[in-house]
Amino acid sequence: MSSEQKLLHISTSPHTKYQETVPSIMLSVCLALIPAFAASIYFFGLRALVLTVVCVVTCLATEWVIVRVLLKRPSTLGDFSALVTAMLLAFNLPPDLPPWMAVIGSIFAIGVVKWAFGGLGHNFINPALAGRAFLMASYAAPMTIFGPPRTGTMSGLSESTLASLTNKVDGISGATPLPAFNKIMELLRNESTQASELQFHIIDFQETISHLFFGNVGGCIGETSAAALILGAIFLWYKHIIGLRVPVLFIGTVFLLSWIFNGTGSFFTSEALLIPVYQIFAGGLMLGALYMATDMVTSPITPMGKAIFGIGCGLLAFTIRKFGGYPEGVSYSILLMNLAVPMLDRYNRPKIYGKVHTNA
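Quick notes on the rules
- Residues numbered from 1 in each chain as written.
- Predicted model: local features only at pLDDT ≥ 70, side-chain atom pairs only at ≥ 80, totals over all residues.
- Heavy atoms only, no water.
- Helix = DSSP H or I, 4+ residues; strand = E, 2+ residues; numbered from the N terminus.
- Buried < 20%, exposed > 50% of the residue type's maximum accessible area, 1.4 Å probe, protein only.
- Contact = heavy atoms within 4.5 Å.
- Areas by Shrake-Rupley, 256 points an atom, 1.4 Å probe, with all protein chains shown as cover.
- Salt bridge = Lys/Arg side-chain N within 4 Å of Asp/Glu carboxyl O.
- Core = buried A, V, L, I, M, F, W, Y, C linked by side-chain atoms within 4.5 Å.
- 1 Å grid on protein atoms, 1.4 Å probe; cavity = no way out; pocket = protein on both sides within 12 Å on 5 of 7 lines; lining within 4 Å.
- Points joined across faces, edges and corners; volume = space filled by probe spheres on them.
- Nonpolar A, V, L, I, M, F, W, Y, C, P; charged D, E, K, R; others polar.
- Phe/Tyr/Trp six-rings, centres within 6.5 Å; stacked < 30°, edge-to-face > 60°.
- Lys NZ or Arg CZ within 6 Å of the ring centre and 35° of its normal.
- Axes fitted to C-alpha atoms, helices over the stretch in contact; angles between N-to-C directions.
- Parallel < 35°, antiparallel > 145°, perpendicular 65-115°, else oblique.
- Left-handed = near helix turned anticlockwise from the far one by under 90°.

Chemist: Please provide a residue-by-residue account of the overall build of the protein chain, values included.
Modeler: A tally of helices and strands in the protein chain yields 17 helices and 0 strands. Within the protein chain, the proportion of its 360 residues that are buried is 48%. Within the protein chain, contacts between residues at least 6 apart in sequence are counted, and of these 72% link residues at least 24 apart. Carbon and sulfur atoms make up 66% of the accessible area of the protein chain, which amounts to about 17900 Å² in all.

Right under this line is the structure:
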């Protein structure tokens, strides 16, 4: 009798169970973020450590107060989702931001974006990105002032190059890679006389590529090191926590459009190919594409929906960077596409297997 019970097991669906749980997935994301966290401390020192600790403590405290004190429910700190939100929010903050502003952003991310809509799984936009957007709208000046890394310059350009440019382009020495790139490109395109005086060419940006890849440039504390972010993403991909569809199409769309609209008048020169490479490593594209656009809650669940989502994020990010007044567009591109997720899931639902269509 006992052997028959082992052979026949009746249960309700789903019958195929995923090995990972919410806590294990969130903990894996935290582990994947450790290389970028270490890089942020190396390049920005204690400023990065303080901001990250402030965000973590505030997010966990806000989660505990809402769940245990206000809702009278069992604690949800063990699912590590608040820890993931805290780390991602900290990674989206400039190193010199006052810690009290990080506290406000953390409370908004957990208290308003996550729990006002029912908690994990019910938020319709990414809490960390919404916290960053809230801080950008509330404290625009501190959120756009960046300090240089300890071992390099803000833009990644060498000291000698900056010395030659500072007298010709106002503010270039204090600009992060994307604003510096936009300033110089605008001058090269529109002021031919001054451009010749600059003695600077687009190909000279190649000296910044290695700095952009390893993180030795100014910017938000967790977005500068593409190498550390990619290393963590490989770990998540190996564990099947993230797929390649969204990040590849997101980054690929920005690359393709930056290559097509490179502004040099050609497509296969070194300068024409350098511009899209610069665009994918500068700013928060890697952080957004690998860790926030792939959020399971706020991204589509169907393959076609994921493809449209990734391409849409890339198209919006490129449009904001190229034609908008804001040099970075990754955060807003993901938030805008988060709003389109219900529609993408609705119109890309898989066909019901075995359904019979009858002609009226």
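Chemist: Could you give an account of the pattern of salt bridges, naming the residues involved and the relevant values?
Modeler: Using the criterion set out here, one finds 3 salt bridges in the structure. A salt bridge links Glu63 to Lys114, with the nearest nitrogen and oxygen atoms 3.0 Å apart. Separated by 51 residues along the polypeptide, Glu63 in helix H3 (residues 46–70) and Lys114 in helix H5 (residues 99–114) bring together distant segments of the chain. Taking relative accessible area as the criterion, Glu63 reaches 1% and is therefore assigned buried. When its relative accessible area of 2% is taken as the criterion, Lys114 is described as buried. Residue Glu328 is joined to Arg321 by a salt bridge in which the shortest nitrogen-to-oxygen separation is 3.0 Å. Given the relative accessible area of 7%, Arg321 is considered buried.

Chemist: Describe the environment of Ala317, and please don't skip the residues or the numbers.
Modeler: Structurally, the position occupied by Ala317 is in helix H16 (residues 303–323). Note on Ala317: relative accessible area 1%, which makes it buried. Excluding residues within four positions of it along the chain, Ala317 makes contact with Phe250, Val254, Gly329, Val330 and Ser333.

Chemist: Go over the nonpolar core with me, naming the residues and quoting the values.
Modeler: Across soluble globular proteins, nonpolar side chains show a tendency to be buried alongside one another. Counting 87 residues, the largest nonpolar core has Leu88, Leu93, Phe205, Phe250, Tyr291, Phe309 and Ile334 as the members making the most contacts within it. Per-element tally for this core: the top contributor is helix H2 (residues 22–44), with 10 residues. Apart from the residues lying within four places of it in its own chain, the contact partners of Phe309 are Val246, Ala293, Thr298, Ser299, Pro300, Met337, Asn338, Val341 and Leu344.

Chemist: Could you give me a rundown of the side chain of Ser331, with the residues and numbers involved?
Modeler: Among the secondary structure elements, Ser331 is positioned in helix H17 (residues 330–347). Ignoring anything within four residues of it in the chain, the contact list for Ser331 reads Asn92, Leu129 and Arg132.

Chemist: Tell me about empty space enclosed by the protein, and please be specific about residues and values.
Modeler: For the structure shown, the criterion picks out 1 cavity of 30 Å³ or more. Quantified by volume, the largest cavity comes out at close to 50 Å³. Along the walls of the largest cavity sit Asn92, Arg132, Glu223, Gly284, Gly288, Met292, Glu328, Val330 and Ser331, which together make up its complete lining. Looking at the lining of the largest cavity, its residues break down into 2 nonpolar, 4 polar and 3 charged.

Chemist: Which residues make up the packing of aromatic side chains, and what values do they have?
Modeler: Across all of its chains, the model carries 10 aromatic pairs by this definition. Judged by centre distance (4.9 Å) and plane angle (80 degrees), the rings of Tyr42 and Phe43 are edge-to-face. For the ring pair Phe117 and Phe124, a centre distance of 4.8 Å and an interplane angle of 85 degrees mean the geometry is edge-to-face. Exposure remark for Phe124: the relative accessible area of 38% places this residue in the partly exposed category. Put simply, the rings of Phe213, Phe214 and Phe281 pair up and form one aromatic cluster. The ring of Tyr42 has Arg150 lying over it, and the distance from NZ or CZ to the ring centre is 5.9 Å. A cation over an aromatic ring shows up here: Arg346 above the ring of Tyr347, its NZ or CZ 6.0 Å from the ring centre.

Chemist: Give a description of the packing of helix H11 (residues 206–214) against helix H14 (residues 270–281) that names residues and reports values.
Modeler: Closest axis-to-axis distance for the H11/H14 pair is 10 Å, and the angle between their directions is 25 degrees. In terms of their interaxial angle, H11 and H14 are classed as roughly parallel. Like other packed secondary-structure pairs, H11 and H14 cross with a definite hand, here left-handed. In this structure, H11 contributes Gln206, Thr208, Ile209, Leu212 and Phe213 to the contact, and H14 contributes Leu274, Val277, Tyr278 and Phe281. Residue classes in the contact of H11 with H14 are distributed as 7 nonpolar, 2 polar and no charged.

Chemist: Which residues make up the packing of helix H13 (residues 245–260) against H16, and what are the values?
Modeler: Close contact between H13 and H16 brings their axes to 7 Å; oriented N to C, the two are set at 35 degrees. Considering how the two elements wind past one another, H13 and H16 form a crossing that is right-handed. Residues Arg245, Val246, Leu249, Phe250, Thr253, Val254, Leu257 and Ser258 of H13 pack against Pro303, Lys306, Ala307, Phe309, Gly310, Ile311, Cys313, Gly314, Leu315, Ala317, Phe318 and Arg321 of H16. Across the contact of H13 with H16, the residue classes break down as 13 nonpolar, 4 polar and 3 charged.

That's the geometry; what it means functionally is another story.
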